[in-house]
Amino acid sequence: MTATATENRVDIVVKGIDTTKPGNVLVMLFAEEGFPKKHDKALRILSYTADKTERNVTFENVPAQFAVKVLHDEDEDGKVTKNWTGIWPNEGLGFSNGARITFKAPSFSSAQLEATSITSPHEITIRYP
């Protein structure tokens, strides 16, 4: 199944959720503004308990270009908790298009999806530190 601009929806499969860790899994839909750090700029945020290793998520009315961020928010504070360095995440993260953290957060262009050409469902795997 391929999502199209007329359907204006995308199905996401979040994989690799560590159910031994507490908290919630936040799935965030972004336009370019604010991605990936400013959660208050996300177009939508869906929250699920971390009780399944895989979760299916659907976003309706997606923009033509968008990106998705997934955070396993173990301490349920709504933001990415960093490790002792203050730089590296201490919680699980995943991004659309397989984008990864290097020495900085991934750019919007590296995680960007096009509503007219995405194959649905789009898989995002959470990576833990």
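Along each chain, the written sequence defines residue order, and numbers are assigned to residues from 1. Local features are withheld for residues below a pLDDT of 70 in this predicted model, meaning they are given only at 70 or higher, and side-chain atom pairs are given and counted only at 80 or more; totals for whole chains, interfaces and linings count all residues. Side-chain numbers here rest on the full set of heavy atoms in the structure, without hydrogens or water.

The protein chain is annotated in an unreviewed UniProt entry as DUF2141 domain-containing protein of Grimontia celer.

1. Comments concerning the confidence of the model for the protein chain
Convention followed: For every residue, the predictor reports its confidence as pLDDT, a number between 0 and 100. Every helix listed is a DSSP run of H or I at least four residues long, and every strand listed is a run of E at least two residues long, numbered separately from the N terminus. Contacts between residues were defined by any pair of non-hydrogen atoms, one from each residue, lying within 4.5 Å.
Within the protein chain, residue pLDDT values average 91, and 95% of them lie at 70 or more. For the protein chain, strand 7 (residues 113-114) is the element with the lowest average pLDDT, namely 93, and strand 2 (residues 24-30) is the one with the highest, namely 98. Between residues 1-6, whose pLDDT stays under 50, and residues either more than four places distant or in other chains, the model counts 14 contacts.

2. Notes on the pattern of salt bridges
Here is the rule: The term salt bridge refers to a pairing of a side-chain nitrogen on Lys or Arg with a carboxyl oxygen on Asp or Glu at a separation within 4 Å. Relative accessibility thresholds used throughout: buried, under 20% of the residue-type maximum; exposed, over 50%; partly exposed, between the two (1.4 Å probe, protein chains only).
Evaluation of the coordinates by the stated rule reveals six salt bridges. Between aspartate 11 and arginine 9 there is a salt bridge, with the nearest N and O atoms lying 3.0 Å from each other. Looking at aspartate 11, the relative accessible area reads 13%, which means it is buried. Its salt-bridge partner being lysine 15, residue glutamate 54 comes within 4.0 Å of it at the nearest N-O pair. Of this pair, glutamate 54 sits in strand 4 (residues 54-60) while lysine 15 sits in strand 1 (residues 9-15), and the two are 39 residues apart along the sequence.

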